[in-house]
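As a plain string of letters, each chain reads:
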Amino acid sequence: MNNLNWWQKTIVYQIYPKSFCDSKGKGTGDLNGITSKLDYLKKNSVGAIWLTPIYPSPMVDNGYDISNYTAIDENYGTMADFENLISEAEKRGIKIVMDLVFNHSSNKHAWFQESKQNKTNAKADWYIWRDAKPDGSAPTNWRSIFGGSAWTWCEERHQFYLHTFAVEQPDLNWENPKVRQALFDAANFWIDKGVGGFRIDAITYIKKPKIFVDGEVDGKDDLSSIHNITANTEGILDFLHEFKDKVFAGHDIFTVGEANGVSANELPDWVGERGVFDMLFEFSHVNLPLKNGEIWCRPTDWKLSELKQAINNSQNSTKSTGWYPAFFENHDKPRCVNYFFSKNADKIKAAKAIATILLTMRGTPFVFQGQELGMTNIDWNDIDCYNDISSHSQFDFALQEGFNSVAAIDFVKFFSRDNARTPMQWTSEKNAGFSTANKTWLPVNENYLELNADAENKNPDSVLNWYRQLSELRLKTPELLQGDFELLLPADEKIFAFSRKSDKNIFVTAVNFSAEIAELPTSFADKKILLDTEKNPAEKILQPFEARIYKFQVTK
Ligand code: NOJ
C-alpha cells in the first residue's frame, strides 16, 4: 500500500452545497452547515469532500455559472467560513476539493460585462465572438448542450457569442494567453488556501476548431450537437499541459477531469505520468440507460452484461495508466436505485448492491451525498416544479419530437438532475432536518420520515451502516485498495461478480442485480463468506439484490 497516494486510499464524498445543510434557516445549504456535519462524514470514513461550485453565481446553473472565481457566494457564507471549513476538515483528516469551471463563466462575470461592450475593449477577445452570417443568422448551426442555438446575439456589440451550455454561460477564449493566466491564477488562489484537489468541469470543450463550420443536422430543431464538433479538439492537450505546469505540478493534490469525448485509447495522453490529470470521469456505464447518451435522452433497454463490460473496460484501461474514479451517482444523474433497477425493486437492497460494487472496485470511490442513505428520485408531474435548466430543455425537446406532455414529463422524471439535488435527509423533523426555513429551495423528498440519516444511524441493517462497514473494510484491506481487478461471469445477466487479489488473498464480490433468485456457479460453493446483505446466506444462490463478499486464500 506504500506506493499509493493519499487520494488513492481514500473515499471522496461529493457535496452539493445548496442541498446539504442550512445553518441559517434560509432554505439553502451553506458552508457552516457542511462544517457542522464533518463528524458524520468522518464516521463514514470520508477522506476528501468535493464541493460543487461555491463561488458567487447568479445560479442559472446552480453555481456552474461563476461571476467571480476567487470569492464565496454570499448565500454559502464568507471566506472566513471557508477557511474554517478547511481547518476543521483538516483536524479530522479530510481534504476539501474544489470544482473548477473554466470552459465558461457567467454572463454576469465582470470579464464578460466588459467584453460585450464593443470590439475594442481590453477584454474584447476574452470570449468567443463572431459576426452573423450575411442573412443575419447565427454563425453556425451548433446546438448548445442545454438546447437551442449555441450562439446568442449581443445587441451592444453587434455580434454573436458562443456558449456550449446555457445562454448565461459564455465560453471563455482559451486561445488568449491572458485568459489562461487569469484562470490559472484563480486555481492557484485556492491551492494557497490549502485545498486538496480539483474536479475540472467540462474540460474537453475548452479548445474550439480553427474554422467554424455548420455540422450535420441531427434534430428537428435543424441544429447540430456542439459536442460532436468541439469536444476534444486537436491542440487541447497543449492548453492542458500548460494548466498542469502552472497549477497542479508539485502540489500534493489530486485532479479529476470531467472528460466527455475522450476515448479509452487516448487515456495515456490525459492521465498518469504522461498525461495531465490524475483521474478522468468516464460516463459509459452511467449513460447506458439513456438512448444516444445525450442530455435529453429517453430511457432505453440495457443489459447487465453491458454495464459490466463498460466498467470492466474502464478498470482495464486505468490498470496501468492513471487511476479510476469509481462512481454511480453525481449531481447530474438520477439516483442509482431508480436508474439501474426496475420500478418495483427493493430500494434498500438495491442501494446496498451498488454500494458493494462501488466500494470493492479498483479506484477511488466517489459517493454522492445521500447515496449512502439510499436516497431516491422525486416524482413531480408538473414541469414548473423543476429547477434544473436541462429538465426544461428536455421537456421542450420531447414535445418538439412529437411526444405529448405526459410522455415528456416521464422523460424528465427519469432523467432530471433535480432527482439528485433534493435536500439531504438528516432527520424526520421539519424539512428532514436540512433547514428550519418555511420553504426549501427544492422540496424535500416525501420519503424523509423513514429515509433519513438519523434513523439509519440507529438501524444496524441500514444502507448507511452497510456503507460504513464496507468503507472500513476497504480502507484496511490492501487487496481492495490495489489488488488486480478481474471480471467474473461476464455474460451472466443476473450476477455482477469480480475478484480483487494479492499474492495471498482473493476477495470476490458477487451481487445479484435481478429481482429473481440467481444461481451461483459451483466454484463459489465452498468459499468463505466475509460479508453479506442477507442474514442467512445460502451457499448456492443469491437472493434478489443480495450482495456478498467472499474472502479466501490463494492456493499455491
Ligand atoms: C458539468 C456539470 O457537472 C453540470 O452540472 C453543469 O451543468 C455543466 N458541466 C456545465 O458547467
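Everything below is about the structure shown above.
The rules behind these values
- Residues numbered from 1 in each chain as written.
- Predicted model: local features only at pLDDT ≥ 70, side-chain atom pairs only at ≥ 80, totals over all residues.
- Heavy atoms only, no water.
- 1 Å grid on protein atoms, 1.4 Å probe; cavity = no way out; pocket = protein on both sides within 12 Å on 5 of 7 lines; lining within 4 Å.
- Points joined across faces, edges and corners; volume = space filled by probe spheres on them.
- Helix = DSSP H or I, 4+ residues; strand = E, 2+ residues; numbered from the N terminus.
- Nonpolar A, V, L, I, M, F, W, Y, C, P; charged D, E, K, R; others polar.
- Contact = heavy atoms within 4.5 Å.
- Core = buried A, V, L, I, M, F, W, Y, C linked by side-chain atoms within 4.5 Å.
- Buried < 20%, exposed > 50% of the residue type's maximum accessible area, 1.4 Å probe, protein only.
- Pairing = 2+ DSSP bridges.
- Axes fitted to C-alpha atoms, helices over the stretch in contact; angles between N-to-C directions.
- Salt bridge = Lys/Arg side-chain N within 4 Å of Asp/Glu carboxyl O.
- Left-handed = near helix turned anticlockwise from the far one by under 90°.

Let's shift gears to the layout of surface pockets. Roughly 980 Å³ of internal volume is contained in the largest pocket. Along its surface, the largest pocket is lined by 35 residues, and N338, K347, T376, N377 and I378 are the ones closest to its centre. Broken down by secondary-structure element, the contributors of at least two residues to the lining of the largest pocket are α11 (336–339), α12 (347–358), α14 (405–415) and α16 (453–458). Of the residues that constitute the lining of the largest pocket, the class distribution is 17 nonpolar, 10 polar and eight charged.

Another aspect to go through is the environment of C336. Structurally, C336 is set in helix α11. Counting along the chain gives 35 residues from C336 to Q371, while the straight-line C-alpha distance between them is 8.0 Å. Sequence-distant contacts of C336, defined by excluding residues within four places in its chain, comprise F328, E329, F341, I354 and Q371.

In this structure, L51, F82, F198 and F243 are the most contacted members of the largest nonpolar core, which totals 137 residues. Looking at this core element by element, the count peaks at eight residues for helix α5 (residues 177–192). Sequence-distant contacts of F82, defined by excluding residues within four places in its chain, comprise L31, L51, I54, I72, I96, M98, W190, K193 and V195. Membership of the second largest hydrophobic core comes to 16 residues, among which are A202, F212, I226 and A231.

Okay, the pairing of strand β14 (residues 484–488) next. A regular strand places its side chains on the two faces of the sheet in alternate fashion. Pairing of β14 with strand β15 (residues 495–501) involves five bridges; the strand directions are antiparallel. Its bridge partner being in β15, L488 is matched across the sheet by A497. Here β14 hands over to β15 after six residues, with L489 in that stretch at a positive phi of 45°.

Tallied over the entire structure, the rule returns two cavities of 30 Å³ or more. In this model, the largest cavity occupies a volume close to 70 Å³. What lines the largest cavity is simply I11, Y13, N44, V46, V367, E372, Y467, R468 and S471. A total of three residues in the lining of the largest cavity trace back to one element, the largest contributor, which is helix α17 (residues 463–476). When grouped by side-chain class, the residues that make up the lining of the largest cavity number five nonpolar, two polar and two charged. If you add up the space inside the second largest cavity, you get close to 40 Å³.

Read from one edge of the open sheet, five strands run β14-β15-β16-β20-β18, paired in antiparallel fashion. Of all the strands in the sheet, the pair left with one neighbour each is β14 and β18 (529–532). Within this sheet the neighbouring strands show an average axis-to-axis angle of 20°, counted without direction. With seven bridges connecting them, strand β16 (residues 505–512) and strand β20 (residues 547–553) associate as antiparallel partners. Looking at β20, one finds that V511 is bridged to A547. Strands in contact with helix α10 (residues 304–317) are β14 and β15; relative to β15, the strand with the most contacts, it is inclined by about 20°. Lying on the sheet, α17 is in contact with β15, β18 and β20; it crosses β18 at an angle near 145°.

Another aspect to go through is the pattern of salt bridges. Scanning the model with the defined rule gives 33 salt bridges in all. One salt bridge connects K349 with E534, and the closest N-O pair in it is separated by 3.5 Å. Taken together, the residues K349 in helix α12 and E534 in the loop between β18 and β19 (541–542) connect sequence positions 185 residues apart. With a relative accessible area of 31%, K349 lands in the partly exposed category. We classify E534 as partly exposed; its relative accessible area is 22%. D454 is the partner of K458 in a salt bridge, and the nearest nitrogen-oxygen pair spans 3.5 Å. Of this pair, K458 and D454 both sit in helix α16, four residues apart, which is roughly one turn of that helix. A relative accessible area of 62% means that K458 is categorised as exposed. Taken together, the shared-partner salt bridges connect D61, D332, D388, R417 and R421 into one network.

Take the sheet that holds strand β4 (residues 129–130) next. Within the open sheet, the three strands sit side by side as β4-β7-β6. Their pairing is antiparallel. Looking at the sheet topology across the chains shown, the edges are occupied by β4 and β6 (151–154). Two strands pair when backbone bridges link them, and β4 and strand β7 (residues 159–162) are joined in this way by two bridges, in the antiparallel orientation. Note that in β7 the partner of W129 across the bridge is Y161.

On to the packing of helix α13 (residues 389–400) against α14. Two elements in contact, α13 and α14, have axes separated by 9 Å at closest approach and are oriented at 145°. The hand of the α13/α14 crossing is right-handed. Across the interface between the two elements, S391, Q394, F395, A398 and L399 from α13 touch S405, A408, I409, F411, V412 and F415 from α14. The class makeup of the residues in the contact of α13 with α14 is eight nonpolar, three polar and no charged.

Attention now moves to the environment of P299. Following the sequence through the fold, P299 ends up in the loop between α9 (284–287) and α10. The contacts of P299, once residues within four sequence positions are left out, are P289, F411 and F414.

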